[in-house]
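Now for the letters of each chain:
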Amino acid sequence: MTRIQDEWDRAHESRVIDTSQFHFKAKHLKILKSDAVLLHPLPRRKEIAVDVDSDPRAVYWRQVRNGMWVRAALMLTIFDRGGEIDRYYEDLVS
């Protein structure tokens, strides 16, 4: 899932699009396979109902958390600071 990113819509064309038929609600969970994975990059608006959050197939919170750690690792790599993290954890286990 994703949403229309109207913050990039300078001409305001997205305001005339009816997206209500694309909202995912708890009633739609019954048609998903048991091993389905529901992803969303967040932030969300109305495209995924809040009551879907408790379903184990809704993993967008884990997706966001994992993305945070990937970005942190990229920043450490870009700025060549990974050694500081290694030393920090070596001190913890010592």
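Every value quoted in this text rests on a predicted model; they were computed, and no experiment measured them.

How each quantity is defined
Residues numbered from 1 in each chain as written. Predicted model: local features only at pLDDT ≥ 70, side-chain atom pairs only at ≥ 80, totals over all residues. Heavy atoms only, no water. 1 Å grid on protein atoms, 1.4 Å probe; cavity = no way out; pocket = protein on both sides within 12 Å on 5 of 7 lines; lining within 4 Å. Points joined across faces, edges and corners; volume = space filled by probe spheres on them. Nonpolar A, V, L, I, M, F, W, Y, C, P; charged D, E, K, R; others polar. Helix = DSSP H or I, 4+ residues; strand = E, 2+ residues; numbered from the N terminus. Buried < 20%, exposed > 50% of the residue type's maximum accessible area, 1.4 Å probe, protein only. Contact = heavy atoms within 4.5 Å. Polar contact = N/O pair within 3.5 Å; in protein donor to acceptor, adjacent residues only side chain to side chain. Core = buried A, V, L, I, M, F, W, Y, C linked by side-chain atoms within 4.5 Å. Phe/Tyr/Trp six-rings, centres within 6.5 Å; stacked < 30°, edge-to-face > 60°.

Here we come to the layout of surface pockets. Roughly 300 Å³ of volume is contained in the largest pocket. Looking at side-chain class alone, the lining of the largest pocket contains 4 nonpolar, 4 polar and 6 charged residues.

All right, on to the side chain of R57 then. Topologically, R57 is positioned in the segment before α1 (60-78). Residue classification places R57 among the buried residues on the basis of a relative accessible area of 14%. In contact with R57, not counting residues within four places along its chain, are L29, L32, K33, S34, A36, V37 and L38.

What follows concerns the environment of D53. Structurally, the position occupied by D53 is in the segment before α1. Taking the C-alpha atoms as reference points, D53 and K33, 20 residues apart in sequence, are found 16 Å from one another. At 2.6 Å, the side chain of D53 forms a polar contact with the side chain of R44.

Once that is clear, we can look at the nonpolar core. Among the nonpolar cores identified, the biggest contains 7 residues, and these are F24, L29, L38, I48, V52, A58 and Y60. When near neighbours in sequence (up to four residues on either side) are disregarded, L29 contacts F24, V52, D55 and R57.

On to the packing of aromatic side chains. On inspection of all chains with the given rule, the structure shows 2 aromatic pairs. Between Y88 and Y89, the aromatic rings sit 5.3 Å apart at their centres with planes inclined by 80°, giving edge-to-face as the arrangement.

For I4, the position within the fold is in the segment before α1. On the basis of relative accessibility, which here comes to 35%, the residue I4 falls in the partly exposed class. C-alpha of I4 to C-alpha of A49: the two residues are 45 residues apart in sequence and 16 Å apart in space. When sequence neighbours within four positions are dropped, the list of residues in contact with I4 reads S14, I17, T19 and R45.

Turning to the environment of D55, a few remarks are in order. Mapped onto the elements of the fold, D55 is located in the segment before α1. Residues D55 and L38 lie 17 residues apart in sequence; the distance between their C-alpha atoms is 9.4 Å.

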